[in-house]
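Tertiary structure, described
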Amino acid sequence: MSEAGEGSAGDPPLYYGRHVFCCTNTRAPGHPRGCCNEKGAERLRGVLKKRAKELGLTDVRINTAGCLDRCELGPTMVIYPEGVWYTYRDEADVEEILQRHVVGGERVERLMLRPGDDPD
Ligand code: FES
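Bear in mind that the values here come from a model prediction, so they are computed numbers and not experimental data.

**Quick word on the overall build of the protein chain**
A count of helices and strands for the protein chain gives two helices and five strands. Mapped in sequence order, the helices and strands of the protein chain form the string β-α-β-β-β-α-β. Expressed as a percentage of its 120 residues, the buried residues of the protein chain come to 24%. Contacts spanning at least 24 positions in sequence make up 62% of the contacts within the protein chain whose residues lie at least 6 apart.

Written out as structure tokens, the structure reads:
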């Protein structure tokens, strides 16, 4: 049996080279967990999508996602097939994730989320 995150021998080839899910969930003001959209997620997801198009990244898909359940760390995104999570604050962060991870296959360590980063 393969581990989670690993491909299996009979799997079809990837449909997208990279598939990015950006939480743009909105909650009512004052919600204890907050939400990604109150920190600019929808606008920044739009920036990411526009930049991917400008760069002609035809094998990359930028999707809106509902709550990814890491609200306190948001805005959040997760990139597959690697399953690497990021938080980001502004257009410069989005551009760095796009250029280094999505295009270059590198990682942006300073913005990566790890399992232990979540509040208890
Ligand atoms: S609101 Fe974005 S992860 Fe929950």
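Back to the text.
**Looking at the sheet that holds strand E1 (residues 18–23)**
Two modes of strand pairing occur in sheets, parallel and antiparallel, and in both the strands are linked by backbone hydrogen bonds. An order of E2-E1-E3-E4-E5 is seen for the five strands of this open sheet, with the pairing classed as mixed. Pairing within the sheet leaves two strands with one partner each, and these edge strands are strand E2 (60–65) and strand E5 (112–113). Relative to E2, helix H1 (residues 41–54) is tilted by about 165°, and along the sheet it contacts E1 and E2.

**Side note on the packing of H1 against helix H2 (residues 91–103)**
Where H1 meets H2, the closest approach of the two axes is 10 Å, and the angle between their N-to-C directions is 40°. Classified by the interaxial angle, the pair formed by H1 and H2 is oblique. Crossing angle aside, the handedness with which H1 passes H2 is right-handed. For the pair formed by H1 and H2, the contact residues are Leu 44, Val 47, Leu 48, Arg 51 and Ala 52 on the first element and Glu 91, Val 94, Glu 95 and Leu 98 on the second. Looking at the contact of H1 with H2 residue by residue, the class counts come to six nonpolar, no polar and three charged.

**Here we look at the pairing of E2**
Pairing analysis gives six bridges linking E1 to E2, with the strands arranged parallel. The residue bridging Cys 23 from the neighbouring strand is Ala 65, located in E2. As for the winding sense of the linkage, the β-α-β connection from E1 through H1 to E2 is right-handed.

Calculation rules
- Within each chain, residue numbers correspond to sequence positions counted from 1 in written order.
- A pLDDT threshold of at least 70 governs which residues receive local features in this predicted model, and a stricter bar of 80 or more applies before side-chain atom pairs are shown or counted, although totals over entire chains, interfaces and linings include all residues.
- Only runs of H or I of at least four residues qualify as helices and only runs of E of at least two qualify as strands under DSSP, and these elements are numbered from the N terminus.
- Around each residue's C-beta, the other C-beta atoms within 10 Å are counted; 20 or more make the residue buried, 12 or fewer make it exposed, and counts in between make it partly exposed. All C-beta atoms are placed from the backbone.
- Residues are defined as contacting one another if the C-beta atoms placed from their backbone atoms lie within 7 Å.
- Two strands qualify as a pair provided that DSSP identifies no fewer than 2 bridges between them.
- The axes are straight lines fitted to the C-alpha atoms, using for helices just the contacting stretch, and the angles between their N-to-C directions are given from 0 to 180°.
- Oblique is the label for every angle not falling under 35 degrees (roughly parallel), over 145 degrees (roughly antiparallel), or within 65 to 115 degrees (roughly perpendicular).
- Working rule for handedness: look at the near helix, and if it is turned counterclockwise from the far one by less than a right angle, call the crossing left-handed; if clockwise, right-handed.
- Three residue categories are used. Nonpolar comprises Ala, Val, Leu, Ile, Met, Phe, Trp, Tyr, Cys and Pro, charged comprises Asp, Glu, Lys and Arg, and polar comprises the others, including Gly.
- For crossovers, right-handed means that the path from the first strand over the helix to the second runs clockwise, given strands pointing away from the viewer.

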